[in-house]
Amino acid sequence: VGPWGADGCRGGGGFSLAIEGVLGGACGLVVSDALEPDFPIIYVNRGFEDATGYHAEEVLGRNCRFLQCRGPFAQRRHPLVDAIVVTEIQRCLEEGTEFQGDLLNFRKDGSPFMTSLQLKPIYGDDETITHYMGIQFFNDCNVDLGPLPGSMAKEVVRSTWITPDNTLRPSPTGKGNFCSEYSHLFQLSDEVLCQKILSRLSPRDIASVNSVCKRLYHMTKNDHLWRMVCQNAWGNDATRALENVAGTKSLAWGRLARELTTLEAVTWKKLTIGGSVEPSRCNFSACAVGNRVVLFGGEGVNAQPMNDTFVLDLSASKPEWRHINVGLAPPGRWGHTLSCLNGSLLVLFGGCGGQGLLNDVFILDLDAKHPTWREIFGLTPPVPRSWHSSCTLDGSKLVVSGGCADSGKS
């Protein structure tokens, strides 16, 4: 379920057609993202729009509680809305259970109606609640609320508007939100809209914008636009780095942005791995180097310190552990750290070996024809330690923090 609908209007695509075929248009249907804070709306059906007066583009990304406010300019829940029912809805959402009850809501024009609401959780493959579906049945109610604030009753000025399909039409008069349907924004060319406006939005906003109308829907399918959006959101260095990662060139930038920002395509997958790391060990250190996982050292049988190196290439069709023959291997150890530097260099620091705690530094070029560990000497090295943490910085610095020294702390 997502806001990328095939018709570019309300989101949902085939999902919306299937659901509305079952429920019909007499009720409202709202789908919210349960994995995002505050359960933002990602889909509403035509029945919701007709009953509430709100267009889909006005509500996507918002929590549905705005219906508890009288009109779009109200800032707080109306006092006649039953707070006990609202609390019960919140409890059900937090606990992941179903809800059924009646609640006072308001249309966009400020008129009240009663909603018979049913909330149902939708589960993903791992039994995690990914979405909430709300089914609404609408009933008129007689409640004396007094006059609506004057902001809703202002007279609309007549002017000429450009529709999303680039045709001229006079704007309607009277009450209503004609701005959501026709806007001067559509007088701009596609190039100007993409270069000056859309490219400055976040990836998540672009995903919402494409639900406004067919013109924007087709514009936001442009891969060059998505690259500009990603570049503005993540920076030039990150964008270039993504281009060089194996496998990303086959993905469109729109899909890449959607997967990285929503994590909707991220799932744990158990791999069948060939080879083995022998002999068995614990307290080793492992580090990701691109699509490769490098393992060094560890504590073997009878507390034997190990100093061998293994590599697992996850980009291979059949990944398997390989023992790498390296020159000048560092003394065996455990409780050390292994960090990646500049994409192919591995930096080893400290740990505990046969002679006690260590504070030495070694570097290995994994892509060298004959990989060889090389010890690096520096002035005033840190106190020898193990069980510390370390990372590389700016492509030239190794940062070491914490750990356990002879004194018992570090």
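Sequence positions are assigned chain by chain, starting from 1 and proceeding in written order. Where local features are concerned, this predicted model is filtered to residues with pLDDT of at least 70; where side-chain atom pairs are given and counted, the filter is 80 or more; whole-chain, interface and lining totals use all residues. Note that water and hydrogens are dropped before the side-chain values are worked out from all heavy atoms of the structure.

A. Seen up close, the sheet that holds strand β13 (residues 345-353). Should DSSP find at least two bridges between two strands, the strands are regarded as paired. Counting from the N terminus, the helices are the DSSP runs of H or I reaching at least four residues and the strands are the DSSP runs of E reaching at least two. The strand order β12-β13-β14-β15 describes an open sheet built from 4 strands, whose pairing is antiparallel. Edge strands, defined here as strands with exactly one partner in the open sheet, are β12 (337-341) and β15 (373-376). With direction set aside, neighbouring strand axes in the sheet form an average angle of 30°. When strand β14 (residues 356-365) meets β15, the two strands line up antiparallel, connected through 4 bridges. In the sheet register, L364 faces β15, and the bridge partner there is W373. Lines are fitted to the C-alpha atoms to define the axes, a helix being fitted only along its stretch in contact, and any angle between axes, read from their N-to-C directions, falls within 0 to 180 degrees.

B. Region of the structure containing the environment of E88. With respect to the helices and strands, the residue E88 is situated in helix α4 (residues 83-95). Relative accessibility decides the category of a residue: with a 1.4 Å probe and only protein chains considered, values under 20% of the type maximum give buried, values over 50% give exposed, and everything between is partly exposed. With a relative accessible area of 29%, E88 lands in the partly exposed category. Spatially, the C-alpha atom of E88 lies 8.0 Å from that of F99, the residues being 11 residues apart in sequence.

C. Representation of the environment of L216 within the structure. Structurally, L216 can be placed in helix α7 (residues 214-219). L216 gets classed as buried once you look at its relative accessible area, which sits at 6%. In this structure, the C-alpha to C-alpha distance between L216 and L193, residues 23 residues apart in sequence, is 9.3 Å.

D. Broad picture of the confidence of the model for the chain. The quantity known as pLDDT measures the predictor's confidence residue by residue, on a range of 0 to 100. This prediction gives the chain a mean pLDDT of 80; 80% of its residues lie at or above 70. Within the model, pLDDT remains below 50 along residues 11-19, and this stretch shows 15 contacts once partners closer than five positions in the same chain are excluded. By definition, residues are in contact when any of their heavy atoms lie within 4.5 Å. Predicted confidence for residues 21-25 stays below pLDDT 50, and this span has 4 contacts to residues more than four positions away or in other chains.

E. Main features of the pattern of salt bridges. Any carboxyl oxygen of Asp or Glu within 4 Å of a side-chain nitrogen of Lys or Arg constitutes a salt bridge here. In the structure shown here, the tally under the stated rule is 12 salt bridges. Across the pair R240 and D237 runs a salt bridge, and its minimum N-O distance is 2.7 Å. Of this pair, R240 and D237 both sit in helix α9 (residues 236-244), 3 residues apart, roughly one helical turn. R333 is the salt-bridge partner of D360, the closest N and O atoms lying 2.7 Å from each other.

F. Representation of the pairing of strand β16 (residues 389-393) in the model. With 5 bridges connecting them, β16 and strand β17 (residues 397-401) associate as antiparallel partners. Among the inter-strand pairings, S389 is bridged to a residue of β17, identified as S401. Once β16 ends, the chain turns through 3 residues before running back antiparallel as β17, passing D394 with a positive phi of about 60°.

G. Local environment of the packing of aromatic side chains. Under the pairing criterion, centres of Phe, Tyr and Trp rings, with the six-membered ring standing for Trp, must be within 6.5 Å; the plane angle then separates stacked pairs below 30 degrees from edge-to-face pairs above 60, leaving the rest tilted. As enumerated under the stated definition, the model contains 4 aromatic pairs in all. With a centroid separation of 5.0 Å and an interplanar angle of 80°, the aromatic rings of Y54 and F66 are classed as edge-to-face. One end of the pair, Y54, is in the loop between α2 (46-52) and α3 (56-59); the other, F66, is in the loop between α3 and α4, and 12 residues separate them in sequence. Against the face of F66 rests R62, its NZ or CZ located 4.3 Å from the ring centre. Ring-over charges, as used throughout, are those where CZ of Arg or NZ of Lys falls within 6 Å of the ring centre and within 35 degrees of the ring normal.

H. Representation of the nonpolar core within the structure. Formed by 17 residues in total, the largest nonpolar core has its most connected members in L198, L216, M219, L225 and W253. For this core, the secondary structure elements donating two or more residues are α5 (190-197), α6 (203-209), α7, α8 (223-234) and α10 (253-262). Examining the composition of this core, we find that 5 residues originate from one element, α8, more than from any other. Only buried residues count toward a nonpolar core, which is a set of Ala, Val, Leu, Ile, Met, Phe, Trp, Tyr and Cys residues joined through side-chain atoms within 4.5 Å. Listed in part, the 16 residues of the second largest apolar core include V86, I89, L103 and F106.

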